[in-house]
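One-letter residues, chain by chain:
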Amino acid sequence: MSEYNFAFLDEQSKRMIRRAILKAVAIPGYQVPFGSREMPLSYGWGTGGVQVTASVIGPTDVLKVIDQGADDTTNAVSIRQFFARTTGVRTTERTDEATLIQTRHRIPETPLSADQILVLQVPIPEPLRWLEPRETETRLMHALEEYGAMWVRLYEDITRSGHVEAAYDYPVVVNDRYLMRPSPIPKFDNPKLDRSPALLLFGAGREKRIYAVPPHTPVKSLDFDDYPFTVETWGEPCALCGATGVFLDEIVVDDKGGRMFVCSDTDFCGRRRAGDGARRS
Amino acid sequence: MMSDADRPLLGVRGLTHDYGGRLGCLDIGFDLWPGEVLGVVGESGSGKTTLLSCLSGRLVPTAGVVEFLTRDGTVVDVLRMSETARRRVARTDWGMVHQNPRDGLRMNVTAGANVGERLMAVGARHYGQIRAAALEWLGHVEIASDRVDDLPRTFSGGMQQRLQIARNLVTRPRLVFMDEPTGGLDVSVQARLLDLLRSLVAELGLSAIVVTHDLAVTRLLTHRLLVLRRGEVVESGLTDQVLDDPQHPYTQLLVSSVLHP
């Protein structure tokens, strides 16, 4: 362990990132610029999340890393090993054991508690990016709370397909003020953001932005009065553990059109099958 | 206590803009009354567009005061109010019709969304009501209701200009700035658009400032006229009076330059 500083980043960088995190917590949903560092993994693999995790992790933390709900995919395994090697902290696959969870594309099915921090990896932090290409202009729109363009997009979606087309990264308003991208989590997970007891931190490494949803902060998914926000539902329970009301992945099982739907959250599904009484959110 | 009708909607004093050595406009002052349509004429480069930009707060002039009487009866200083407050006034009480509809429309979203945008920006959150308002306003500007889900780029130039007008009027503004509203349209479409504008202005009791180089437009549309030359007002008065009996040599030149087929 002597080759690296604790959690890889040098202390000055961690302090800089912690200052950005404090500011982000103070202004829920506001994107705080920070001096993103080169990390030993490529952009798009979670450089933002890794830097946030590295800055908040302590020797007594228990770390869990999720990729698309799973603990055993390449991205999750390598980030977990990275922190195990550079910090020596205990790692886990159990949501309820972890104090710090870095995740990509999912929020765990097991409800989070007040002593946990969830770190989300963000590819594109700016919710107005595809509506307004100029960064100077989007910052002004945030400052003046001018979100008409986003509403125009929702209107267009309904006009074209009868519902809002966004299925992931569904835009939300944090604390009745800032429009925020919740990172590419399915809209199924959006309700879990609302008044979450855990601290939610969002890190975008390439775009050099950090933002946060502090505990118990209201987070509202945008919708129209006559087209209310809804989440995905499945006609069948999980084929492995039988859970309903959870996010299911479709898995193709043969080349004859066979398929099954299973829990995307592997920890949740595994513990239910083991009879470990994992609670459903 | 004066009623709102006794107070000018827009008061302009000593408005001067200097583009670093080149003069945009010099010491312009006038009052615009509720329901009045003011024309600003002059040749290219005479400062018409500079004046319009200064009035609507998009350009900060070197000197001068622009005061606007808001809906709730308070007078605000357009040039010194906060950006937030100015944009709020611009969204609700003002409209801006550009010469080129592409500058005033979102070309990649449907006509309905174009009209609904201002409503959503000021807090409308009911899709059905927004759509109904869009359909109503398309009707006012004589666009068939079955075009509500079409993109503006499939519209003709005249329709685009009418769509732009609908988009501006949907929040019932009290003051509309128009920059060459009929420029770039052929004459028969121009005539229809002028007709429409005239009836809308009369129906809604709108005030408007119309910048144009086309004297025929001012004759039809405006009550009062400012003649601008090199950034200065050289003559002002009732439209018919200025056009029929021009006093200043430049106005005389302008009026006599109009071709009659």
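The preceding data block contains the structure.
First, a word on what this report is: a plain description of the structure on this page. (Residues numbered from 1 in each chain as written. Chains lettered and ligands numbered in written order. Predicted model: local features only at pLDDT ≥ 70, side-chain atom pairs only at ≥ 80, totals over all residues. Heavy atoms only, no water.)

Quick notes on the pairing of strand β4 (residues 100-104) of chain A
Residue and element names in this part refer to chain A. Within β4, four of the five residues are buried, leaving the element largely enclosed by the surrounding structure. Where strand β2 (residues 62-67) meets β4, five bridges bridge the pair, whose relative direction is parallel. Paired with K64 across the bridge in β4 is I101. Where β4 meets strand β5 (residues 117-121), four bridges bridge the pair, whose relative direction is parallel. In the strand pairing of β5, Q102 is matched with V119. (Buried < 20%, exposed > 50% of the residue type's maximum accessible area, 1.4 Å probe, protein only. Helix = DSSP H or I, 4+ residues; strand = E, 2+ residues; numbered from the N terminus. Pairing = 2+ DSSP bridges.)

Describing the pattern of salt bridges
Residue and element names in this part refer to chain A. As enumerated under the stated definition, the model contains 41 salt bridges over all chains in all. The partner of E135 in a salt bridge is R209, with the nearest N and O atoms 3.1 Å apart. One end of the pair, E135, is in helix α4 (residues 135-143); the other, R209, is in strand β9 (residues 209-213), with 74 residues separating them in the sequence. For E135, a relative accessible area of 26% gives the class partly exposed. For D267, the salt bridge goes to R271, with nearest N and O atoms at 3.0 Å. Taken together, the residues D267 and R271, both in helix α7 (residues 266-273) and four residues apart, mark about one turn of the helix. With respect to class, D267 is no different from R271; both count as buried. In this structure, a network of salt bridges that share partners links the residues R90, R94, D96, E97, D267 and R271. (Salt bridge = Lys/Arg side-chain N within 4 Å of Asp/Glu carboxyl O.)

Some remarks on the interface of chain A and chain B
The partner chain B presents 20 residues to the 17 residues of chain A that form the contact. Where chain A abuts chain B, roughly 1700 Å² becomes buried across the two surfaces, and 62% of that area is made up of carbon and sulfur atoms. Per-residue buried area on chain A facing chain B is highest for L144(A), V152(A) and Y155(A); these three make up 34% of the total on that side. There are two salt bridges connecting chain A and chain B. For E146(A), the salt bridge goes to R87(B), with nearest N and O atoms at 2.7 Å. The interface formed by chain A and chain B includes eight residue pairs in polar contact (both at pLDDT 80 or more). (Contact = heavy atoms within 4.5 Å. Buried area = accessible area lost by both parts, 1.4 Å probe. Polar contact = N/O pair within 3.5 Å; in protein donor to acceptor, adjacent residues only side chain to side chain.)

Regarding the sheet that holds strand β6 (residues 94-97) of chain B
Residues and elements named next belong to chain B. Strand order in this open sheet of six strands is β6-β7-β8-β3-β9-β10, and the pairing throughout is mixed. Every other strand in the sheet has two partners, leaving β6 and β10 (232-238) as the edge strands with one partner each. Each strand axis lies, on average, 15 degrees off the axis of its neighbour in the sheet, ignoring direction. Relative to strand β8 (residues 207-212), strand β3 (residues 37-41) runs parallel, the two being bridged by five bridges. Within β8, the residue paired with L38 across the bridge is I209. (Axes fitted to C-alpha atoms, helices over the stretch in contact; angles between N-to-C directions.)

Some words on the sheet that holds strand β2 (residues 22-32) of chain B
Residue and element names in this part refer to chain B. If you trace the four strands from one edge of the open sheet to the other, you get β2-β1-β4-β5, paired in antiparallel fashion. Only two strands of the sheet have a single neighbouring strand rather than two, namely β2 and β5 (75-77). When the angles between neighbouring strand axes are averaged without regard to direction, this sheet yields 20 degrees. By the bridge criterion, three bridges tie strand β4 (residues 63-69) to β5 in an arrangement that is antiparallel. Of the residues in β5, the one forming a bridge with E67 is D77. Running over the sheet, helix α1 (residues 48-55) touches β1 (10-19), β2 and β4 and is turned about 120 degrees from β1.

Some details on the packing of helix α1 (residues 11-26) of chain A against helix α2 (residues 47-56) of chain A
How two helices pack is summed up by the angle between their axes together with the distance between the axes. All names here are of chain A. Packing of α1 against α2 brings their axes to within 9 Å, and their N-to-C directions diverge by 100 degrees. In terms of orientation, α1 lies roughly perpendicular with respect to α2. Together, K14, I17, R18 and I21 of α1 and Q51, V52, A54, S55 and V56 of α2 make up the contact between the two elements. For the contact of α1 with α2, the residue count by class is five nonpolar, two polar and two charged. (Parallel < 35°, antiparallel > 145°, perpendicular 65-115°, else oblique. Nonpolar A, V, L, I, M, F, W, Y, C, P; charged D, E, K, R; others polar.)

Brief notes about the side chain of T87(A)
Residue and element names in this part refer to chain A. Tracing the backbone shows T87 in helix α3 (residues 74-87). Separated by 2.5 Å, the side chain of T87 and the backbone oxygen of F83 make a polar contact. Within polar-contact distance, the side chain of T87 engages the backbone nitrogen of V89 at 3.1 Å.

Concerning α7(A)
Side chains that are three or four residues apart share a direction in an α-helix, a result of its 3.6 residues per turn. Residues and elements named next belong to chain A. Among all positions of α7, only D267, F268, C269 and R271 are buried. Close packing links the buried residues of α7 with β2 and β12 (259-263). Positive backbone phi, at 70 degrees, marks G275, one or two positions downstream of α7.

Quick look at the packing of aromatic side chains
When we look at a pair of aromatic rings, we describe it by the centre distance and by the angle of the planes. Per the stated rule, a full pass over the model turns up 15 aromatic pairs over all chains. Centre to centre, the rings of Y155(A) and Y127(B) are 5.0 Å apart; their planes meet at 40 degrees, and the pair counts as tilted. Here Y127(B) lies in helix α5 (residues 127-140) and Y155(A) lies in helix α5 (residues 148-161), a pairing that spans two chains. Each member of the pair, Y155(A) as well as Y127(B), is classed as buried. Taking the centre distance of 5.0 Å and the plane angle of 85 degrees together, the rings of W234(A) and F247(A) count as edge-to-face. Here W234(A) is found in the loop between β10 (219-221) and β11 (248-252), whereas its partner F247(A) is found in the loop between β10 and β11, with 13 residues between them in sequence. (Phe/Tyr/Trp six-rings, centres within 6.5 Å; stacked < 30°, edge-to-face > 60°.)

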